[in-house]
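# Topology and contacts: notes
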Amino acid sequence: MSYPLIAEKDGIKMKPEIMKPENLYHCLFQNKVMLVYKDHNEVLSCYEIEDEEIVSRVRESKSHNIDKILAETDKCSSKWCQTCK
């Protein structure tokens, strides 16, 4: 299965039909971390992070585990972050 977010030159392509509910997805776009969360009602919420430390750590990470990166920076207090709950 392919990843549901693809950053391209002109924007981000989303494939919500392959997103699992209650999961957080991310990609890098224009030097920002773009987050998309699909809830149990299949509503999508989108966020962007411009913090240089977080962007750098996500860029260097080989993993899709954004929750861990956000928790380790002490800048996350979001309800959708599984690590911070």
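For the structure itself, look to the data block above.
Residues numbered from 1 in each chain as written. Predicted model: local features only at pLDDT ≥ 70, side-chain atom pairs only at ≥ 80, totals over all residues. Heavy atoms only, no water.

### A few points about the packing of aromatic side chains
- One pass over the full model with this rule turns up 1 aromatic pair.
- Judged by centre distance (5.8 Å) and plane angle (65 degrees), the rings of Tyr 3 and Tyr 25 are edge-to-face. Of this pair, Tyr 3 sits in the segment before strand S1 (5-8) while Tyr 25 sits in strand S3 (residues 23-29); the two residues are 22 residues apart in sequence, bridging distant segments of the chain.
- The partly exposed category is assigned to Tyr 3, whose relative accessible area is 23%. (Phe/Tyr/Trp six-rings, centres within 6.5 Å; stacked < 30°, edge-to-face > 60°. Helix = DSSP H or I, 4+ residues; strand = E, 2+ residues; numbered from the N terminus. Buried < 20%, exposed > 50% of the residue type's maximum accessible area, 1.4 Å probe, protein only.)

### Considering helix H1 (residues 52-60)
- Turning to H1, its buried residues are Ile 54, Val 55 and Val 58. Viewed end-on, H1 has its buried residues packed into an arc of 100 degrees, placing them on one side of the element. Exposed side chains of H1 directed beyond 90 degrees from the buried face belong to Glu 52 and Glu 60.
- In this structure Asp 51 caps H1, since a side-chain oxygen of it lies 3.1 Å from the backbone nitrogen of Glu 53. (Arc of directions from axis to C-beta. Polar contact = N/O pair within 3.5 Å; in protein donor to acceptor, adjacent residues only side chain to side chain.)

### Re the pattern of salt bridges
- The full count for this structure, using the stated rule, is 4 salt bridges.
- Between Lys 13 and Glu 8 there is a salt bridge whose closest N-O contact spans 3.6 Å.
- Given a relative accessible area of 38%, Glu 8 falls into the partly exposed group.
- Here Lys 32 and Glu 50 are joined by a salt bridge, their closest N and O atoms 3.5 Å apart. In this pair, Lys 32 sits in strand S4 (residues 32-38) while Glu 50 sits in the loop between strand S5 (44-49) and H1, placing the two residues 18 residues apart along the sequence.
- Here Glu 50 falls in the exposed class, since its relative accessible area comes to 53%. (Salt bridge = Lys/Arg side-chain N within 4 Å of Asp/Glu carboxyl O.)

### Notes on the sheet that holds S5
- Spatial ordering of the open sheet is given by S3-S4-S5, a layout of 3 strands whose pairing is antiparallel. Two strands in the sheet have a free side with no partner beyond their single neighbour: S3 and S5. Direction aside, the axes of adjacent strands within the sheet are offset by 20 degrees on average.
- When S3 meets S4, the two strands line up antiparallel, connected through 7 bridges. Bridge pairing in S4 links Phe 29 to Lys 32. (Pairing = 2+ DSSP bridges. Axes fitted to C-alpha atoms, helices over the stretch in contact; angles between N-to-C directions.)

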